[in-house]
Amino acid sequence: GNSVTQMEGPVTLSEEAFLTINCTYTATGYPSLFWYVQYPGEGLQLLLKATKADDKGSNKGFEATYRKETTSFHLEKGSVQVSDSAVYFCASYGGATNKLIFGTGTLLAVQP
Amino acid sequence: GAVVSQHPSRVICKSGTSVKIECRSLDFQATTMFWYRQFPKQSLMLMATSNEGSKATYEQGVEKDKFLINHASLTLSTLTVTSAHPEDSSFYICSARFGGIGYTFGSGTRLTVV
């Protein structure tokens, strides 16, 4: 079945640092891929998505490219802010299942 | 658009009592809703898939009799934690699917059983 693996946190960065959170997936076929963000005490919000190979999702300075050859969807941001501190979830949908499958989440802490 | 409202946001209950959590789609009809439980260190576990007008489909290892799910209308799904115990304390999140692969999430419910 489908699965998603993302790097463990916490990730601690200084403001304006470059961010990468790794995410890889396994799936039958070509799933759609997502990054969700969860701020403290809240539910999940869609950050960006990509539905086919080589698509790049982007939002609020975050980007992720659907790489079929490496089965990856790494999240990047060139310059993080304190307000980006949150938990980030990589997820996949499709293939043999019609469920949204999440990675374990990565806590990002940005220090001023 | 595609907003899901989840209530209550926080609830404290005594051990042995039942608690109901509501999930409403405010501006769309949700034929399918999902219930997740979030454990410490963030991991999200899908508990069940709720389909309007039919029985919920539970994931392996989730007790159907403890976590009762009802999806009686196109805008409301409820999760009732029956005979709650401290180990049921957790953060519960609902989600609804819209527009094919779009998912929207409620703001979550922090359940504390004392």
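Scroll up to find the structure.
Residues numbered from 1 in each chain as written. Chains lettered and ligands numbered in written order. Predicted model: local features only at pLDDT ≥ 70, side-chain atom pairs only at ≥ 80, totals over all residues. Heavy atoms only, no water.

### Focus: the interface of chain B and chain A
Every contact between the two is made by 17 residues of chain B and, on the other side, 20 residues of chain A. The junction of chain B with chain A conceals about 1,500 Å² of combined surface from both sides, 61% of it contributed by carbon and sulfur atoms. On the surface where chain B and chain A come into contact, there are one salt bridge. The closest approach of N and O atoms between Lys99(A) and Glu59(B), which form a salt bridge, is 2.8 Å. Summed over the shared surface of chain B and chain A, the number is three residue pairs in polar contact (both at pLDDT 80 or more). Counting only elements with at least two residues in the side of chain B that touches chain A, the list comes to β4 (32–38), β5 (44–51), β9 (90–98) and β10 (102–105) of chain B. Each residue belonging to the side of chain B that touches chain A can be placed in one class, and the counts come to eight nonpolar, six polar and three charged. (Contact = heavy atoms within 4.5 Å. Buried area = accessible area lost by both parts, 1.4 Å probe. Salt bridge = Lys/Arg side-chain N within 4 Å of Asp/Glu carboxyl O. Polar contact = N/O pair within 3.5 Å; in protein donor to acceptor, adjacent residues only side chain to side chain. Helix = DSSP H or I, 4+ residues; strand = E, 2+ residues; numbered from the N terminus. Nonpolar A, V, L, I, M, F, W, Y, C, P; charged D, E, K, R; others polar.)

### Comments concerning the state of the cysteines
Enumeration according to the criterion identifies two disulfides over all chains in this entry. Each sulfur in the disulfide pair Cys23(A) and Cys90(A) lies 1.9 Å from the other. Its S-S torsion of approximately -70° makes the covalent link between Cys23(A) and Cys90(A) left-handed. Of this pair, Cys23(A) sits in strand β4 (residues 23–26) while Cys90(A) sits in strand β10 (residues 86–94), and the two are 67 residues apart along the sequence. Accessibility assignment for this pair places Cys23(A) and Cys90(A) in one class, buried. Linked covalently through their sulfurs, Cys23(B) and Cys94(B) form a disulfide whose S-S length is 2.0 Å. In this structure the cystine formed by Cys23(B) and Cys94(B) twists about its S-S bond by roughly 80°; its chirality is therefore right-handed. Remark: Cys94(B) occurs in strand β9 and Cys23(B) occurs in strand β3 (residues 19–25); sequence separation between them is 71 residues. The same class applies to Cys23(B) as to Cys94(B), namely buried. Its sulfur unpaired, Cys13(B) is 18 Å from the next cysteine sulfur, which belongs to Cys94(B). (Disulfide = S-S within 2.5 Å. Buried < 20%, exposed > 50% of the residue type's maximum accessible area, 1.4 Å probe, protein only.)

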